[in-house]
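Overview (structure and organization)
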Amino acid sequence: MDFRHLGRSGLIVSEISYGNWLTHGSQIEEDQAAACVRAALDSGITTFDTADVYASGRAEEVLGRALQGERREGLEVFTKVFWPMGEGRNDRGLSRKHLMEGIDASLRRLQMDYVDLYQAHRYDVETPLEETMQAFADIVRAGKALYIGVSEWTAEQIREAKALADELGVGFVSNQPQYSALWRVIEADVVPTCEALGVGQVVWSPIAGGVLTGKYAPGSAPPTGSRASTDDSETMRFLRDDVLERVALLEPLAKEVDLSLAALAVAWVLQNSNVSSAIIGASRPEQVVDNVTAAGVQLGADLMAKIDEALLPVAVTDPAQTARNAPRQRP
């Protein structure tokens, strides 16, 4: 495993991190989830990402139990807050009330005294940004989180929040966006802004919901049990014959560097110097082992050009697509 700084902070994270959206507490049994976490640890992954809303809190609980017995100082554990966690009017958003209650609830579920990174899962248009950032700063000062970050915020939102974080003396170090060779919307505005501010990307869905694994064939029904067979919106976005035909062009390119298609997709996002870590998910330990082969891989300029030639015609690059197509709930 290779390691990178999270943005320009001093925090070092594994360049491949393990996330448990969709799997822990819902899709797979707990013993299988624990096996995936063990595979991640055995592969050198030290960074784990979750959120309070995943499986209505059960994902945090499963991850917490799976990490019991590990040296806490050797792990980087991230969670997130924003989406509804109850029926009450204040059981959602980024108000001071919800953040203060949310961090305590997450720590109870994780069975931890602190998280390394506490992230705003989305931007809250109903709460003043000053209130949100003050609450985050107080959470850090209380020792319940070491750093703060955001997920799927625009460049302008990140810029405003970073300015407030600097005034408050709190480390705003990361953004967690969707990013893959098929979904490149952060490259236009978010990445340049974050590079200038010292904010790193912790990207989710580097394999585009499984489409970049090659398991979906043009003109064929999705395999039974796959994410596309459940009408997952993230996967269905790219489940078109024109996309799948171009994904098939990557097969010989992956063989050039002795990687699976999935590992090639993970390696591709890691070529972006603003990416601090790429989140992988898994329902089987062997998927973790395969994805981790992307760690430390340097893809040459010629190979990157060939990937662009294959995928750019069908890739989403317009930042405006984020607002129109962003899923309602994501890592």
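Residues numbered from 1 in each chain as written. Predicted model: local features only at pLDDT ≥ 70, side-chain atom pairs only at ≥ 80, totals over all residues. Heavy atoms only, no water.

1. Regarding the sheet that holds strand S8 (residues 172–175)
- Pairing is parallel around the closed barrel formed by 8 strands, whose spatial order is S3-S4-S5-S6-S7-S8-S9-S10. On average, each strand axis in the sheet is tilted by 30° relative to the strand beside it, whichever way the strands run.
- Direction of pairing for strand S3 (residues 16–19) relative to strand S4 (residues 47–49): parallel, over a ladder of 2 bridges. The residue of S4 that forms the bridge with Tyr18 is Phe48.
- With respect to the sheet, helix H4 (residues 129–141) is in contact with strand S5 (76–81), strand S6 (115–120), strand S7 (145–150) and S8, its orientation differing from that of S7 by roughly 155°. (Pairing = 2+ DSSP bridges. Helix = DSSP H or I, 4+ residues; strand = E, 2+ residues; numbered from the N terminus. Axes fitted to C-alpha atoms, helices over the stretch in contact; angles between N-to-C directions. Contact = heavy atoms within 4.5 Å.)

2. So, unusual backbone geometry
- Even without glycine at this site, Ser56 takes up a positive phi of about 55°.
- Positive phi, normally seen in glycine, also occurs at Glu152, with a value near 60°.
- Here Glu152 is to be found in the loop between S7 and helix H5 (155–168).
- Under the relative-accessibility criterion, Glu152 is labelled buried at 18%. (Buried < 20%, exposed > 50% of the residue type's maximum accessible area, 1.4 Å probe, protein only.)

3. Here's the deal with the packing of helix H3 (residues 96–110) against H4
- Across the interface, H3 lies against H4 with an axial gap of 9 Å and an inter-helix angle of 25°. Comparing their axes, H4 and H3 come out roughly parallel. For the element pair H3 and H4, the recorded crossing hand is right-handed. Counted together, Arg96, Leu99, Met100 and Ile103 of H3 and Glu131, Thr132, Gln134, Ala135, Phe136, Asp138 and Ile139 of H4 form the full contact between these two elements.
- A per-class count over the contact of H3 with H4 returns 6 nonpolar, 2 polar and 3 charged. (Parallel < 35°, antiparallel > 145°, perpendicular 65-115°, else oblique. Left-handed = near helix turned anticlockwise from the far one by under 90°. Nonpolar A, V, L, I, M, F, W, Y, C, P; charged D, E, K, R; others polar.)

4. Comments concerning empty space enclosed by the protein
- Evaluation of the coordinates by the stated rule reveals 2 cavities of 30 Å³ or more.
- What lines the largest cavity is Ala181, Leu212, Leu250, Leu261, Leu264, Ala265, Trp268, Ile307 and Leu311.
- Those elements that place two or more of their residues in the lining of the largest cavity are helix H10 (261–270) and helix H12 (301–311).
- A per-element tally of the lining of the largest cavity places H10 first, with 4 residues.
- Residue composition of the lining of the largest cavity, grouped by class: 9 nonpolar, no polar and no charged. (1 Å grid on protein atoms, 1.4 Å probe; cavity = no way out; pocket = protein on both sides within 12 Å on 5 of 7 lines; lining within 4 Å. Points joined across faces, edges and corners; volume = space filled by probe spheres on them.)

5. Some remarks on the nonpolar core
- With 99 residues, the main nonpolar core has Phe48, Leu182 and Leu212 as its most contacted residues.
- For this core, the leading source of residues is H10, giving 10 residues.
- Setting aside anything within four residues of it in sequence, one finds Leu212 in contact with Ser180, Ala181, Leu182, Pro206, Ile207, Val247, Leu250, Leu261, Ala262, Ala265 and Leu311.
- Counting 9 residues, the second largest nonpolar core, distinct from the first, contains Phe78, Val173, Val202 and Trp204. (Core = buried A, V, L, I, M, F, W, Y, C linked by side-chain atoms within 4.5 Å.)

6. Describing the packing of aromatic side chains
- Inspection of the entire model under this criterion finds 6 aromatic pairs.
- Measuring from centroid to centroid gives 4.9 Å for Tyr123 and Trp153, while their planes differ by 80°, and the two rings are edge-to-face. With Tyr123 in the loop between S6 and H4 and Trp153 in the loop between S7 and H5, this residue pair connects regions lying 30 residues apart in the sequence.
- Look at Trp153 and you get buried, because its relative accessible area is 3%.
- The lysine or arginine in question, Arg72, covers the ring of Tyr114, its NZ or CZ lying 4.1 Å from the ring centre. (Phe/Tyr/Trp six-rings, centres within 6.5 Å; stacked < 30°, edge-to-face > 60°. Lys NZ or Arg CZ within 6 Å of the ring centre and 35° of its normal.)

All quantities given are derived from atomic positions and should not be read as evidence of function.
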